[in-house]
Structures are given as C-alpha cells and as structure tokens.
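Read off the chains here:
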Amino acid sequence: MSERRRSERRLAWMLCAPAVIAMLIVTGYPIGYAVWLSLQDYDLRFPDDREFVGLSNYADVLTSSIWWGDVWNTTIITVASVSIELVLGMAIALIMHRAIFGRGAVRASVLIPYGIVTVVAAFGWRYAFDPASGFVQNLPLISDTAAPLTERGGSLAVIVLTEVWKTTPFMALLLLAGLALVPDELHEAAKVDGAGPVQRFFRITLPLMKPAILVALLFRTLDAFRVFDTVYIQTAGANGTETVSILGYQVLINRVNLGVGSAVSVLIFLAVILIATFFVRGLGASTARQRGEAA
C-alpha cells in the first residue's frame with residue numbers, strides 16, 4: 001500500500017471517529033447496560049435484594065407461554081402489514097411513476113398519511129372503530145357483527161389496517177426510487193418483441209427492482225416487528241393482541257422488574273438482528289447471484 005493510500009485511510013478513520021464515538025456513547029452503553037441488567041434479579045420494589053443470576057431471566061422468558069404468544073402476535077402483525085404494504089406500495093409507486101400530469105401533487109397527496117404522527121393515526125382508527133362512538137360500527141355490512149375492537153381477530157385487523165394506512169406511502173416512496181432505476185429502453189425493446197404489460201412487469205421491472213424491494217422490506221419488517229404505539233393506543237395489549245414490545249413495557253415500567261424486562265428487550269434486539277441478517281445475507285445474496293447470472 002502506497003504512502004498516499006495509507007494517508008487517505010488514516011484521514012478516513014479520523015473523519016469517521018467522531019461519529020463512531022458518538023454512536024458508541026449513545027447506543028453502545030445503553031445496550032451493554034441492558035445486557036448487564038438482564039443477568040441480574042433486579043426488582044425496583046426490592047432494590048436491596050439485587051443479585052447476579054446469569055441466564056436465569058432468559059430461561060424464564062423463553063420458557064414462558066406469554067412470550068411465545070406475544071411473538072406469534074407480533075409475527076402476524078408484521079407479516080400481514082408488510083405483505084399488504086408491499087402490494088399496495090408497488091401499485092402506488094407505479095401510479096406515481098407513470099403519472100402524466102400533476103405528478104408532484106399526486107406524490108404529495110400520497111405521502112400525507114406518512115406525515116401524520118403514528119399516535120394520532122392510531123387514535124383516529126381507534127375512534128373510527130370504537131363500539132360506542134365510532135362510525136364504522138354503523139355501516140350496513142358491519143352493524144350486525146361484533147365490534148372489531150372487542151375481540152382478538154377484529155383488534156388485530158384494525159391494528160394491521162392502521163399500520164398499512166400509515167406506512168404504505170413510505171413503502172411506495174422506496175419502491176418509486178427503484179422504479180426510476182429501470183431503463184425505459186428495456187420496456188421499449190420488450191414491446192417491440194411483443195411482450196405485454198404483465199410480462200414486462202414480471203420479467204423486467206421486478207428483477208431490476210429487487211435491491212429496492214429488499215431495502216423496503218428490510219426497513220418495514222424491522223419497524224413492524226417493534227410495533228408499540230399503535231397497539232398500545234388501540235388495545236394496550238388486550239383481547240390477545242399483546243406484542244413483544246408491549247410485554248417489555250409492561251415488565252419494565254408497570255412491574256418495575258429491570259432484570260426480566262431487560263432480558264425481554266435484549267431478546268427483541270437479537271430478533272431484530274436475526275431479521276436483518278436474514279434479509280441482508282439471505283435475500284441479498286440471492287438477489288446478487290441472480291443479477292450476476294442475468295449479466
């Protein structure tokens with residue numbers, strides 16, 4: 001390595017050092033302290049009884065049916081909301097990409113739900129489906145059924161609908177950026193060869209958009225798995241809708257059990273890392289291999 005190359009590398013490290021140090025202070029210390037607390041029997045109601053118990057808190061959480069039930073609820077919300085958002089986001093992105101006139105107005109109007117604070121959106125959907133004052137319960141097809149927020153299936157459906165309404169514009173925005181990278185020349189050539197719109201979409205658009213789709217799925221899956229505010233506002237975990245984030249909140253804040261609550265938080269953190277690794281290493285490697293074969 002030349003002296004110039006080494007000098008540039010040292011400069012790069014020096015420029016990155018302040019940001020790295022700030023990230024270690026802001027995120028590294030809290031994560032490390034949470035791991036340390038998770039290895040102790042630490043209940044704020046009995047602060048003098050604090051003792052080191054090792055992995056006992058993790059064993060208690062992982063052998064609890066409540067934890068696995070909350071994991072199942074979180075998985076349902078994550079898979080349902082992200083799947084619907086991907087389909088709707090792709091449709092909206094195609095509309096925004098192909099808009100002939102008023103493109104700026106169309107994009108601005110589509111992004112309005114994403115600009116609304118999540119708590120406000122959750123309250124809006126909660127009031128709409130409220131069995132006493134909500135207008136949805138008075139609709140002809142729903143008036144004869146049970147109120148959605150009074151039973152598990154309906155509550156999960158309202159939560160998913162809220163997440164979809166709120167974050168589909170974000171998914172559409174990411175997919176729109178991927179559509180901009182698809183060359184129009186390929187579509188024109190496919191038209192000349194007699195390919196229809198559906199063939200062009202599945203044979204040209206989707207393969208070239210896989211990196212953008214991967215990024216959109218990664219961001220939204222990580223965000224959906226940590227869902228808290230929507231569930232807390234609409235059901236607070238009632239009707240069998242408690243998620244892992246709600247469980248962590250209940251143990252840490254309401255029961256002031258820092259040991260078990262920190263163990264739940266660390267497990268959520270590890271689950272997020274596993275999801276990210278699956279997308280980046282698994283789907284990302286598959287996408288890169290397919291692009292290489294196509295080249």
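Structure's up top.
Residues numbered from 1 in each chain as written. Predicted model: local features only at pLDDT ≥ 70, side-chain atom pairs only at ≥ 80, totals over all residues. Heavy atoms only, no water.

Engineer: Before we move on, can you summarise the overall build of the chain with the specific residues and values?
Structural biologist: Counting its secondary structure elements, the chain contains 12 helices and 2 strands. Order of helices (α) and strands (β) in the chain, N terminus to C terminus: α-β-β-α-α-α-α-α-α-α-α-α-α-α. Based on the C-alpha atoms only, the size of the chain along its principal axes is roughly 75 × 75 × 30 Å. By residue count, 37% of the 295 residues in the chain fall in the buried class. For the chain, the share of sequence-separated contacts (at least 6 apart) that also reach a separation of at least 24 residues comes to 68%. For the chain, the accessible surface area stands at approximately 17100 Å², while carbon and sulfur atoms represent 68% of it. The averaged location of the 22 negative side-chain charges in the chain is 13 Å from the averaged location of its 23 positive side-chain charges. (Helix = DSSP H or I, 4+ residues; strand = E, 2+ residues; numbered from the N terminus. Buried < 20%, exposed > 50% of the residue type's maximum accessible area, 1.4 Å probe, protein only. Contact = heavy atoms within 4.5 Å. Areas by Shrake-Rupley, 256 points an atom, 1.4 Å probe, with all protein chains shown as cover. Lys, Arg positive; Asp, Glu negative; His and termini not counted. Charge placed at Lys NZ, Arg CZ, Asp CG, Glu CD.)

Engineer: With reference to specific residues and values, describe the packing of aromatic side chains.
Structural biologist: In total, this model carries 12 aromatic pairs according to the counting rule given. With a centroid separation of 5.2 Å and 85 degrees between ring planes, the pair formed by F201 and F202 is classed as edge-to-face. For F202, a relative accessible area of 52% gives the class exposed. What links up through ring pairs into an aromatic cluster is the set W125, F129 and W165. Positioned above the aromatic ring of Y42 is the side chain of R50, whose terminal nitrogen or guanidinium carbon lies 4.1 Å from the ring centre. (Phe/Tyr/Trp six-rings, centres within 6.5 Å; stacked < 30°, edge-to-face > 60°. Lys NZ or Arg CZ within 6 Å of the ring centre and 35° of its normal.)

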